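Geometric and topological summary
Residues per chain are reported as follows:
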Amino acid sequence: MTEEKSTMRRMSCWLIGAMLVTAMSATAQWPPPPGEGMTRPSGQHLELLRMWRLVDELQLDEAQARKVFPVMSRLRREIKELRKNRLGLERELAADLESGADDSRLEAQIERVRVAGRAIRDCRSRIHGELDAVLTLRQRAQLLLFEDTFRSELREIVSRMRRSSVEGGRPRGDRSMFRGKRGSSAPE
């Protein structure tokens, strides 16, 4: 990689980091004031964190980031709606099962839930197809790995926050959610 590209990438990361810090500080205080417990990070905060980590992990240049962000944002919105729909169908299925609905009703509900699951998978496939045109082969591979890794890290962070709130304390100053695989950290 040329020195110029390296400098541009660092500048892009700092710019995105600065945008994240600004956006997060505008809507929340970190750490919370004394006497106030940890608050759950908002969906907007998590999405900003996700995008910052995505830039870092995939080493997106500015042109790629301008194309990837809208696609990823649309994916999140579409998947959220599709999951909401599937959850409603699953609740209906559970209610039908509990109420002793006849087999034909159960069969129809099962099929609706399966169709909703396929719609989620189809949406992901369609979005990943759009991203294939923007990302290099290595970036596409990193994206697939990033999705699971990021989700696992978030689950672990939420789990620690819950354990800590149950125990009456605050989580330690673990900032692992700000670290990428390469050990980078968010700008402070």
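Per chain, residues are indexed from 1 in the order of the written sequence. Residue-level local features of this predicted model are given only where pLDDT is at least 70; pairs of side-chain atoms are given and counted only at 80 or more, and the full residue set underlies all totals for whole chains, interfaces and linings. To obtain the side-chain values, all non-hydrogen atoms of the structure were used and water was disregarded.

Attention shifts here to the overall build of the chain. We count a stretch as a helix when DSSP gives it H or I for four or more residues in a row; a strand needs E for two or more, and each element gets its number in order from the N terminus. A count of helices and strands for the chain gives five helices and zero strands. Ordered by position from the N terminus, the helices and strands of the chain form the series α-α-α-α-α. Counting all 188 residues of the chain, 28% fall into the buried class. Carbon and sulfur atoms make up 55% of the accessible area of the chain, which amounts to about 12,700 Å² in all. Remark: exposure states derive from per-residue accessible area (1.4 Å probe, protein chains only) relative to the maximum for the residue type, with buried under 20%, exposed over 50%, and partly exposed in between. For every accessible area listed, the method is Shrake-Rupley and the probe measures 1.4 Å; residues are considered covered only by the protein chains on display.

Quick look at unusual backbone geometry now. Look at Q59: it is not a glycine, yet its phi comes out positive at around 50°. Tracing the backbone shows Q59 in the loop between helix 2 (43–58) and helix 3 (62–99).

What follows deals with the confidence of the model for the chain. Of all residues in the chain, 65% attain a pLDDT of 70 or more, and the chain-wide mean is 77. Values of pLDDT, the confidence the predictor places in each residue, fall between 0 and 100. Per-element confidence in the chain is highest for helix 4 (residues 103–132), whose mean pLDDT is 94, and lowest for helix 1 (residues 3–27), whose mean pLDDT is 56. Here a residue-residue contact requires only that any non-hydrogen atoms of the pair lie within 4.5 Å. Note that pLDDT drops below 50 for residues 22–32; the model gives that stretch 11 contacts with residues more than four away or on any other chain. Low pLDDT (under 50) marks residues 182–188, which in the prediction has 16 contacts with non-local residues, meaning those over four places away or in another chain.

Salt bridges are defined by distance alone: a side-chain nitrogen of Lys or Arg within 4 Å of a carboxyl oxygen of Asp or Glu. Applying the stated rule across the entire model yields 12 salt bridges. Residues D96 and R105 are paired through a salt bridge, measuring 2.7 Å at the closest nitrogen-oxygen approach. Residue R105 is classed as partly exposed on the basis of its relative accessible area, which comes to 35%. The salt bridge partner of R118 is E111, with a shortest N-O separation of 3.0 Å. Taken together, the shared-partner salt bridges in this structure form one network comprising R74, E78, R126 and E130.

What follows is about helix 4. Any helix carries an expected span of 1.5 Å times its number of residues minus one. When the terminal C-alpha atoms of helix 4 are compared, their 43 Å separation across 30 residues agrees well with the 44 Å that a helix rising 1.5 Å per residue should span. Of the residues making up helix 4, those classed as buried are L106, Q109, V113, A116, G117, I120, C123, I127, H128 and L131. On the buried face of helix 4, the contacting elements are helix 3 and helix 5 (137–166).

The next subject is the environment of E130. Mapped onto the secondary structure, E130 falls in helix 4. Taking the C-alpha atoms as reference points, E130 and V71, 59 residues apart in sequence, are found 7.7 Å from one another. Not counting the four nearest positions on each side in its chain, E130 is found in contact with V71 and R74.

With respect to the helices and strands, the residue Q139 is situated in helix 5. Counting along the chain gives 81 residues from Q139 to L58, while the straight-line C-alpha distance between them is 5.4 Å. In this view, Q139 contacts L58, Q59, L60 and Q64; residues no more than four positions away in its chain are not counted. As used in this structure description, the phrase polar contact means that two N or O atoms lie within 3.5 Å; if the pair is within protein, one of them must be able to donate a hydrogen and the other to accept it, and residues adjacent in sequence are counted only when both atoms belong to side chains. Of note is the side chain of Q139, whose polar atom sits 3.0 Å from the backbone oxygen of L58. Within the local environment of Q139, its side chain forms a polar contact with the backbone nitrogen of T136, the two atoms lying 2.9 Å apart.

Here helix 5 contains 30 residues, and its C-alpha end-to-end distance of 44 Å stays within 8% of the 44 Å for a straight helix at 1.5 Å per residue. A maximum bend of about 25° is found in helix 5 at F146. To obtain the bend at a residue, axes are fitted to the seven residues ending there and to the seven starting there, and the angle between these axes is taken.

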